[in-house]
Amino acid sequence: MDTAVELVKAGRRPSVAAVADQAGVSRATAYRYFPSQNLMLSEATIRAAAGPPDGLPPAGTTAASPEEVAAAITRQAGQFSLDHEERLRTALRLSLDPQSGYQRPGRRGRWVDEIVAAAGDRLDQPARARLSAALHLVLGIDPIIELTDVAGLGRAEALDILAWVAATLVRASLAGGPEEEADASEPAASATTGPQ
């Protein structure tokens, strides 16, 4: 994908086979991820347009709270999904069809990493992992579809809700301590083991 993005940025429209050859991967592997040139170029174009979040202070600064960083990045990621909605919906649809062989490349990870990094050392590793997993639920085209198609919200309102949810997740993570988190997991563990 990185090779395809570089070529798209250079103004080229390479075939899947050409990108596989240049990247040094087998054509079979490339076609498993991107069954067609159009799908590959669509994804490469989206990635080429997806730069780092703009207007945010570097992680670790005090210019914005972690909650504000989470809300801002989530709003920007949501706007990115809306700007590329047709292509992202097509990619989602293909990924849900086992016959297509298409696997969605993830782009949420870098947004999640930016949000989690804003918390600095205020979270221990289990809390960071849990927050990271939860943030994946509010990024991408999936929550946009849920809020607009299912909940019937307008686009602006959907972005407001997603930003609020991300900030709430960060706030809750920062408020919980390691002991609270361990206590919270104990009932679930004992519930699955049944009576002693």
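Residues numbered from 1 in each chain as written. Predicted model: local features only at pLDDT ≥ 70, side-chain atom pairs only at ≥ 80, totals over all residues. Heavy atoms only, no water.

K.L.:
Where do I start with the packing of helix α5 (residues 66-83) against helix α7 (residues 108-118) in this structure?
P.N.:
Between α5 and α7, the least distance of the axes is 8 Å, while the angle of their chain directions is 170°. Considered as vectors, α5 and α7 are oriented roughly antiparallel to each other. In this structure, α5 uses P66, V69, A70, I73, T74, A77 and F80 to contact α7, whose residues at the interface are W111, E114, I115 and A118. Classifying every residue of the contact of α5 with α7 by side-chain character gives 9 nonpolar, 1 polar and 1 charged. (Axes fitted to C-alpha atoms, helices over the stretch in contact; angles between N-to-C directions. Helix = DSSP H or I, 4+ residues; strand = E, 2+ residues; numbered from the N terminus. Parallel < 35°, antiparallel > 145°, perpendicular 65-115°, else oblique. Contact = heavy atoms within 4.5 Å. Nonpolar A, V, L, I, M, F, W, Y, C, P; charged D, E, K, R; others polar.)

K.L.:
What exactly am I supposed to notice about the pattern of salt bridges here?
P.N.:
Close approach of charged atoms allows side chains of opposite charge to pair. Going through the model one piece at a time under the given rule, you end up with 7 salt bridges. Note that E85 and R155 form a salt bridge whose closest N and O atoms lie 2.2 Å from each other. Taken as a pair, E85 in helix α6 (residues 85-96) and R155 in helix α10 (residues 155-175) lie far apart in primary sequence, 70 residues in all. Since its relative accessible area comes to 44%, R155 is described here as partly exposed. When the shortest N-O distance is used, the salt bridge between R89 and D149 registers 2.9 Å. With R89 in helix α6 and D149 in helix α9 (residues 141-150), this pair connects stretches of sequence that are 60 residues apart. Members of the salt-bridge network, linked through shared partners, are E85, R89, D149 and R155. (Salt bridge = Lys/Arg side-chain N within 4 Å of Asp/Glu carboxyl O. Buried < 20%, exposed > 50% of the residue type's maximum accessible area, 1.4 Å probe, protein only.)

K.L.:
Sorry, what's going on with the packing of aromatic side chains here?
P.N.:
Applying the stated rule across the entire model yields 1 aromatic pair. Residues F80 and W111 carry aromatic rings whose centres are separated by 5.7 Å and whose planes lie at 70° to one another, so their mutual orientation is edge-to-face. Of this pair, F80 sits in helix α5 while W111 sits in helix α7, placing them 31 residues apart in sequence. In this structure, F80 and W111 share a single accessibility class: buried. (Phe/Tyr/Trp six-rings, centres within 6.5 Å; stacked < 30°, edge-to-face > 60°.)

K.L.:
Help me understand α7, please; the structure alone is not making it clear to me.
P.N.:
For an α-helix the count is 3.6 residues per turn, leaving residues at separations of three or four pointing the same way. Among all positions in α7, only R108, W111, V112, I115, V116 and A118 are buried. Taken end-on, α7 shows its buried residues confined to a sector of 155°, consistent with a single buried face. Just beyond α7, the residue with positive phi is G120, at close to 60°. (Arc of directions from axis to C-beta.)

Such coordinate-based values are descriptive only and should not be taken to indicate function.
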